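Survey of secondary and tertiary structure
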Amino acid sequence: MTGAAAGRDGGTNTEPEHEVLVIGAGFSGIGTAVGLLRAGIEDFLILDEQDGAGGSWHANRYPGIAVDISAFSYSFSFAPHPSWTRAFPSGAELKAYAEDCVDRYGLRSRLRLGARVVRAVYDGTGHLWRVRLADGALLTGRYLVCATGWLTRPRTPRLEGLDDYTGRVVHTARWDTRLDLDGQRVAVVGTGASAVQLVPEIAPRVQRLDVYQRTPTWVFPKPDVPVPATARRLFAAAPWTQRAVRTATDAVTEVGFVLAMIHYRRFPFLVRAGEAFARLYLRQQVRGDRTLMAALAPGYRLGCKRPSFGKGYWRAFTREDVHLHTAPIERITPTGIATADGAEHPCDVLVLATGFHALDNLPPFPVHGLGGRDLREFWRAERFQTYEGTSVKGYPNLWFIVGPYSFTGGSWFGMIDYQVTHLTRVITEARRRGATQAVVRPEKHDASFRRALRRQPGTVFAHPSCRGTNSYYFDAHGDAPAVRPSSTYEAARRARRFDLDDYHYDRAGTAPAPVPAPAPARASRPEGARHATE
């Protein structure tokens, strides 16, 4: 990058204020910070736009919010929490666990809250990132880690008349805890993960509940049992017992999701078995109502969209005061919702359970790398692509914890572990070599991307039924970059063993690393590979 390009943010200093800037104080950012400390990298700053740590678990507070993966897996392997009260604890418990980790590892002094990043620009001369905040402040760091996760920008549907609605509108991701739903006529738009938790929680409280469904969701029973006090005492006294439970829950998750989805072509019976089990659960929940069963049953292969675990979601629709609507929403009226079948349904509160911008929010702020190229522009023009799910050619000293082809679909915390292992290995190697810049070699980057594309035809995402599901797993090119076509164990092994020479290292003031050509990493796929048949 030229000096002029670097200077557009007003920065002239060539020595960074911090060795590492970490964007995000959710579990991805906390895990990154602890990983840096364990690698002996202590000069870092964590930035987050919210007023507390925890990321999604700080921002999301809708009724019924809870983790949908066992807490024994949904936690750091290095920071077991023996005091979980339930197998699938509430959002408040997850938030408390995040804050506990911040204090346990002394991160509070390295945490800057209320700091919203609006732009990051790489200085190719000084080998540092210049990060601009919403309040105008400019920070610099040698290395930049984007640990913002997927669920940061709520998706508001484009509904005609929404601005003219006279009732209360609330998004599940921006819930007002003062909102009283008791005795109200409530409309919920969306049937994804948040709705699966919200609907059975509020159904007994409201006067009438109307749920508007575009695409049904695969739902499995949630074995949310209390953790007995005796078990909690055992976990605290003998941590190996909790590690044993974690090993079991990790294995179930890995087989149930990763093996079934990523290796669908080899093991299609796993997906079919999961579908049969979910349909059996649906029949049990709706008590033989064939019309309701047909409306709630997904018509796509399990795995095309994110499945959910629920407690009483399907059963809630058997209540006389809960109504499922499958006709498309035509418009929002001042007092309710008009659907394409000509009906209009009044409501006092409109709840948007419409999820988040995922891939289309990557990166969550403009990122300019070598040559000044914007990363959003690069990904949208030439397909989402990364090296090992974390770094990008032409963007030195930058890693994503949650980026294209990063998450295997298994343990979120397993992903954090292997992504942090990757980036700390590179930073440690750069230190050893006396280098100030590390950029993945274009040919290694492209080979990693081609490997991901070659594997996609064997995944469930290539099944024809995935078309039209509006799944956030897919992008405009028809790829499924939201999921890494790999097992968690393979991804962890590659993070520990990838060749450190896959990066080019140099020092400020010496000959710069070659800027990769703008040509994309082409990887031709066989005709029909995008949607393979069974």
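Residues numbered from 1 in each chain as written. Predicted model: local features only at pLDDT ≥ 70, side-chain atom pairs only at ≥ 80, totals over all residues. Heavy atoms only, no water.

1. Overview of the overall build of the chain
The test is simple: Each helix corresponds to a stretch of at least 4 residues labelled H or I by DSSP, and each strand to a stretch of at least 2 residues labelled E; elements are numbered beginning at the N terminus. Radius of gyration means the value over C-alpha atoms here, while the globule rule gives 2.2 Å times the residue count to the 0.38 power. Exposed residues in this analysis have more than 50% of their type's maximum accessible area, buried residues have under 20%, and partly exposed residues fall in between, with area computed by a 1.4 Å probe over protein chains only. Pairs of residues are marked as contacts when any of their non-hydrogen atoms sit within 4.5 Å. Here Asp and Glu are counted as negative and Lys and Arg as positive; His is not counted, and neither are the chain ends. A charge is said to be at NZ when it belongs to Lys, at CZ for Arg, at CG for Asp and at CD for Glu.
Tallying secondary structure elements over the chain gives 14 helices and 22 strands in all. Its C-alpha atoms give the chain a radius of gyration of 24 Å, within 12% of the compact-globule value 24 Å for 534 residues. Taken along its principal axes, the extent of the C-alpha atoms in the chain is 75 × 55 × 50 Å. Looking at the chain as a whole, 59% of its 534 residues are labelled buried. For the chain, the proportion of contacts with a sequence separation of at least 24, taken over those separated by at least 6, is 74%. Charge-centre separation for the chain: the mean point of 68 positive side chains lies 5 Å from the mean point of 53 negative side chains.

2. Side note on the confidence of the model for the chain
Defined as follows: The pLDDT value expresses, per residue, how confident the predictor is, ranging between 0 and 100.
Summing up the model confidence of the chain, the mean pLDDT is 91 and the portion of residues at 70 or higher is 93%. Counted against residues more than four places away or in other chains, residues 1-7, with its pLDDT under 50, gives 17 contacts. Scored below 50 in pLDDT, residues 517-534 makes 41 contacts in the model with residues more than four places away or belonging to other chains.

3. As for the state of the cysteines
Worth spelling out the cut-off: Here, the term disulfide refers to a pair of cysteine sulfur atoms separated by no more than 2.5 Å.
Scanning all chains against the criterion turns up one disulfide. Paired by a disulfide, cysteine 304 and cysteine 466 hold their sulfur atoms 2.0 Å apart. Disulfide cysteine 304-cysteine 466: the torsion about the S-S bond is -80 degrees, which places it as left-handed. Within this pair, whereas cysteine 304 is found in the loop between helix H9 (290-296) and strand E12 (308-310), its partner cysteine 466 is found in the loop between helix H13 (442-455) and helix H14 (488-497), the two being separated by 162 residues in sequence. Judged by relative accessible area, cysteine 304 falls into the buried class, the value being 0%.

4. Quick word on helix H11 (residues 375-382)
Residues that lie three or four places apart on an α-helix share one face, since the helix turns once every 3.6 residues. Note the threshold: Summarising the geometry, the arc corresponds to the directions from the helix axis toward the C-beta atoms. N or O atoms within 3.5 Å of each other form a polar contact, as long as, within protein, one can give a hydrogen and the other can take it, and as long as residues adjacent in sequence are counted only when both atoms are side-chain atoms.
Within H11, burial applies to Leu375, Phe378, Trp379 and Glu382. Down the axis of H11, the smallest arc covering the buried residues is 100 degrees, so these residues share one side. Buried residues along H11 sit against strand E19 (367-368) and strand E20 (398-400). Measuring from the backbone nitrogen of arginine 376 back to the side-chain oxygen at the start of H11 gives 2.9 Å, which picks out aspartate 374 as the cap. Of the residues trailing H11, arginine 383 is marked for its positive phi of about 80 degrees.

5. Topic: the layout of surface pockets
If you roll a probe as big as a water molecule over the atoms, it shows you where there is empty space left. So the rule is basically this: Cavity means a closed set of points on a 1 Å grid over the protein atoms alone, one where a 1.4 Å probe fits but cannot get out, pocket means an open set with protein on both sides within 12 Å along at least 5 of 7 lines, and lining means a residue has an atom within 4 Å of a point. Grid points are joined across faces, edges and corners, and a volume is the space filled by probe spheres set on the points. Each residue is assigned to one of three groups, with Ala, Val, Leu, Ile, Met, Phe, Trp, Tyr, Cys and Pro labelled nonpolar, Asp, Glu, Lys and Arg labelled charged, and all others, Gly among them, labelled polar.
The computed volume of the second largest pocket comes to approximately 500 Å³. If you go around the second largest pocket, you meet 23 residues; those closest to its centre are Val252, Thr253, Gly256, Phe257 and Phe309. For the lining of the second largest pocket, the secondary structure elements donating two or more residues are strand E11 (219-221), helix H7 (239-262) and helix H8 (268-286). If you tally residues by element for the lining of the second largest pocket, the top one is H7, at eight residues. A class-by-class count of the residues in the lining of the second largest pocket yields 16 nonpolar, six polar and one charged.

6. Considering the environment of arginine 497
Relative to the elements of secondary structure, arginine 497 occurs in helix H14. Judged by its relative accessible area of 62%, arginine 497 is exposed.

7. As for the packing of aromatic side chains
Stated precisely, the cut-off is as follows: A pair of Phe, Tyr and Trp rings is counted when the ring centres sit within 6.5 Å of each other, with Trp represented by its six-membered ring. The angle between the planes then sorts it: under 30 degrees is stacked, over 60 is edge-to-face, the rest tilted. The rule is short: NZ of Lys or CZ of Arg within 6 Å of the ring centre and within 35 degrees of the ring normal puts a charge over the ring.
Throughout the structure, instances matching the rule amount to 33 aromatic pairs. Ring plane angle 75 degrees and centroid distance 5.8 Å describe the contact between phenylalanine 27 and phenylalanine 76, whose orientation is recorded as edge-to-face. Taken together, the positions of phenylalanine 27 in helix H2 (residues 27-38) and phenylalanine 76 in the loop between helix H3 (56-59) and helix H4 (91-104) put the pair 49 residues apart, joining distant regions of the chain. With relative accessibility at 4%, the residue phenylalanine 27 sits in the buried group. A relative accessible area of 1% means that phenylalanine 76 is categorised as buried. An aromatic cluster is defined as three or more aromatic residues linked by ring pairs; in this entry it consists of Phe27, Trp57, Tyr74, Phe76, Phe78, Trp84, Tyr97, Tyr105 and Phe413. In this structure, arginine 110 packs its charged tip against the face of phenylalanine 44, placed 4.8 Å from the ring centre. Its end group placed over the ring of phenylalanine 498, arginine 425 keeps NZ or CZ at 4.5 Å from the ring centre.

8. Brief notes about the pattern of salt bridges
Test applied: In the sections that follow, a salt bridge refers to a side-chain nitrogen of Lys or Arg positioned within 4 Å of a carboxyl oxygen of Asp or Glu.
With the rule as written, the count across this model stands at 30 salt bridges. Here glutamate 19 ties to arginine 431 by a salt bridge, and the two come within 2.8 Å at their closest N and O atoms. With glutamate 19 in strand E1 (residues 18-23) and arginine 431 in helix H12 (residues 412-433), the pair connects residues that are 412 residues apart, well separated along the chain. For arginine 431, a relative accessible area of 39% translates into the label partly exposed. The partner of aspartate 100 in a salt bridge is arginine 104, with the nearest N and O atoms 2.7 Å apart. Here the residue aspartate 100 and the residue arginine 104 both occupy positions in helix H4, the gap between them amounting to four residues, near one helical turn. Its relative accessible area of 31% is what places aspartate 100 among the partly exposed residues.

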